[in-house]
Amino acid sequence: MKATGRVHKYGDHIDTDAIIAARYLSTTDPIELAGHCMQDIDAEFVERVEPGDIIVAGENFGCGSSREHAPIAIKAAGVSAVIARNFARIFYRNALNIGLPIIECPEAAEAINAGDEVTVDTDEGTIVDHTTGEEFSFQPLTGVAAELVEAGGLVPMVQERLGTR
Amino acid sequence: MTITEKLLARAAGRDEVTPGEFVSCRLDLVLANDITAPIAIDEFRRMGAEKVFDPARIALVCDHATPNRDINAATQTKKVRDFAREMGVANYWEADQGGIEHIILPDKGLVIPGDVVIGADSHTCTYGALGAFATGVGSTDAAAGMALGECWFRVPETIEVVYTGELQPWVSAKDLILKLIGEIGVAGARYRSLEFKGEVIDNLGMAGRFTICNMAIEAGAKNGVIAPDETTLSWIEGRTDREPVVLASDDDASYVRTVEIDCSALEPQVAFPHLPENTRGVSEVGDVPIDQVVIGACTNGRLEDLCAAAKVLEGRHVADGVRCIVIPGSHEIHLQATREGLVELFLESGCLVSTPTCGPCLGMHMGVLAEGERAIATTNRNFVGRMGHPKSEVYLASPVVAAASAVAGRIAGPEDL
Ligand code: SF4
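First, a word on what this report is: a plain description of the structure on this page. The structure displayed is predicted, hence computed values, not measured ones.

### Regarding the overall build of chain B
And then number 1: Along the backbone of chain B there are 14 helices and 18 strands.
And then number 2: Summarising its shape, the C-alpha atoms of chain B cover approximately 55 × 50 × 40 Å along the three principal directions.
And then number 3: Per-residue burial for chain B yields a buried fraction of 64% across its 417 residues.
And then number 4: Put simply, 75% of the contacts in chain B that link residues at least 6 apart link residues at least 24 apart.
And then number 5: Looking at chain B as shown, the accessible area adds up to about 14,100 Å², and 46% of this sits on carbon and sulfur atoms.
And then number 6: Each charge class in chain B was averaged separately, 36 positive and 59 negative side chains, and the resulting centres sit 5 Å apart.

Right, here's the structure in full:
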């Protein structure tokens, strides 16, 4: 996967209530969810975000609830990847399962600024910040995480097992 | 090996496992609720699955927006109910058997020592109190679990938490876990297991143990666990026909870190907005007036919690201008609380008593906060907007501190009254 977009930058411990507040969870429609993405901490995000944009955040991104609505809302808002110092574990699993690219790269999470234009290449394991000219590399996924991305998410993987593909 | 490693090894059909490796485990129970099940059901269908792996090992609990707060919520609940019927899921209940998932599943004997459980709810870690491995996952993982009866895990490293000394009056399980989160932070146990032990845990009843394991996720942990003992085994007696598998960490088990907490000097704790790690002793809170109090949730909605709150409220009255909402964690607890006179005591002291629901805990309904309003709650999260308006505030505390605050009209401990 290779994507280029502008950066929306956030701090540490961005929780799933901030990504999508519980009051909007009485729906499973991705577009409706996307309409409230990041609302409680960044009311303008939804208007600012363009297809391909990238979220960059600090530590423990996606902590809190198990709601898969969080990565779904981010993906449906058009975000092509989330780069963070690190992720909360349920969010991490959920993102892999639904095919939202997530990248753990502390150096990039630190250095990249809001509004920078950035290209992410998950095959090469590189991040290029075109605004500052800086380049970063990150470790490719291993184990089941790599298999999940390879398969295109958990649904096709289970289809394989059930012979329903 | 640690108890968590043993639980995972057993469910993976292995003699041993080491932290960092990936294992596929068979599941004893898969849970989803009215928020997460609707997506899980869609994904289950997309997977092409026609039946669940075992209808007796699925639990679908509608508790977050129930009694249905609006048409959308009602539609979601109906979707879950219809799916439960279609699949013959035994563990789906209507209101008279229902309540908050993490309270009713253990109460009904659906989790016992040795089990491996996933739930599409982050507080699934509550069941670690029974000596089970239980962890939160998302809807798609839950769908795969329902279809296959299996789930993959990365074996976590374990942090050992030892509580020593003797608890002071009015100090309870909630204070023990808030203190720990204050010490290690909300990411302090990220991807790791938290194993709680020590004389204080040994002397704690099951209600308190559930409270502690419930908030393991608030330190980022994959699971929280307490090795089963006499307390555990006598608690599950009469609740299940299955044989418990009692495991414990080896003496030479390796821990990535040990945290020791001396409880002799521990006072009731309060977590300030907007993270559960912002804890202080109640004596250091200062003057914090409140608009609302919530006593309930999967953290502290058990009968023992209501009794503790009642002890403080007895013969007293909620302060003018404060709404104090008491929410029994299940229909059964509501009935017990009524029989024991607690409901009358709450009503007389000026509290509202709500039907069992998550409701205000996640700002869904039944006590949503307006801009600028402030609540103290026995819930487990105080993130921005958690109980309503993004500019409202939630402080976390135990039932006795919540009750004392209701009486004082500002955050207070029972000894301040
Ligand atoms: S009571 Fe609160 S924390 Fe517990 S399951 Fe319900 S919403 Fe989640």
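### So, the site of the ligand
Residues and elements named next belong to chain B.
And then number 1: The immediate surroundings of the ligand are formed by H64, E101, H102, D121, H123, A297, C298, C358, C361, L362, N380 and R386.
And then number 2: The cavity where the ligand resides is the largest cavity.
And then number 3: Partitioning the shell around the ligand into residue classes produces five nonpolar, four polar and three charged.

### Structural notes on the interface of chain B and chain A
And then number 1: Counting from both sides, the interface comprises 50 residues of chain B and, opposite them, 42 residues of chain A.
And then number 2: Summed over both partners, the interface of chain B with chain A comes to about 3,900 Å²; 59% of that surface belongs to carbon and sulfur atoms.
And then number 3: Linking chain B to chain A there are three salt bridges.
And then number 4: Among the salt bridges present, the one from E150(B) reaches R161(A), with a minimum N-O distance of 3.3 Å.

### A short note on helix α5 (residues 89-98) of chain A
All names here are of chain A.
And then number 1: For α5, a buried count of 10 out of 10 residues is recorded, marking the element as mostly surrounded by other parts of the structure.
And then number 2: Regarding α5, the residues found buried are R89, I90, F91, Y92, R93, N94, A95, L96, N97 and I98.
And then number 3: In the segment just after α5, G99 is the residue with positive phi, at about 80°.

### Describing the sheet that holds strand β10 (residues 223-225) of chain B
Residues and elements named next belong to chain B.
And then number 1: In spatial order, the strands read β10-β9-β8-β11; together these four strands make up an open sheet with parallel pairing. A single partner strand is all that each edge strand has here, and the edge strands are β10 and β11 (257-262). Here the strands of the sheet are splayed against their neighbours by 20° on average, with no regard to which way each runs.
And then number 2: Set on the sheet, helix α6 (residues 173-184) makes contact with β8 (158-164), β9 (193-197) and β11; between it and β11 the angle comes to about 130°.

### Here we look at the pairing of strand β1 (residues 22-26) of chain B
A regular strand carries its side chains on alternate faces of the sheet.
Residues and elements named next belong to chain B.
And then number 1: Only one face of β1 is covered, namely the one carrying V23 and C25; the face carrying F22, S24 and R26 has none of its residues buried.
And then number 2: One ladder, built from five bridges, connects β1 with strand β7 (residues 150-154); its direction is antiparallel. Across the sheet, R26 pairs through a bridge with E150, a residue of β7.

About the criteria used
Residues numbered from 1 in each chain as written. Chains lettered and ligands numbered in written order. Predicted model: local features only at pLDDT ≥ 70, side-chain atom pairs only at ≥ 80, totals over all residues. Heavy atoms only, no water. Helix = DSSP H or I, 4+ residues; strand = E, 2+ residues; numbered from the N terminus. Buried < 20%, exposed > 50% of the residue type's maximum accessible area, 1.4 Å probe, protein only. Contact = heavy atoms within 4.5 Å. Areas by Shrake-Rupley, 256 points an atom, 1.4 Å probe, with all protein chains shown as cover. Lys, Arg positive; Asp, Glu negative; His and termini not counted. Charge placed at Lys NZ, Arg CZ, Asp CG, Glu CD. Near = heavy atom within 4 Å. 1 Å grid on protein atoms, 1.4 Å probe; cavity = no way out; pocket = protein on both sides within 12 Å on 5 of 7 lines; lining within 4 Å. Sits in = over half its atoms within 2 Å of the grid points. Nonpolar A, V, L, I, M, F, W, Y, C, P; charged D, E, K, R; others polar. Buried area = accessible area lost by both parts, 1.4 Å probe. Salt bridge = Lys/Arg side-chain N within 4 Å of Asp/Glu carboxyl O. Pairing = 2+ DSSP bridges. Axes fitted to C-alpha atoms, helices over the stretch in contact; angles between N-to-C directions.

Shape descriptors only; they carry no functional weight alone.
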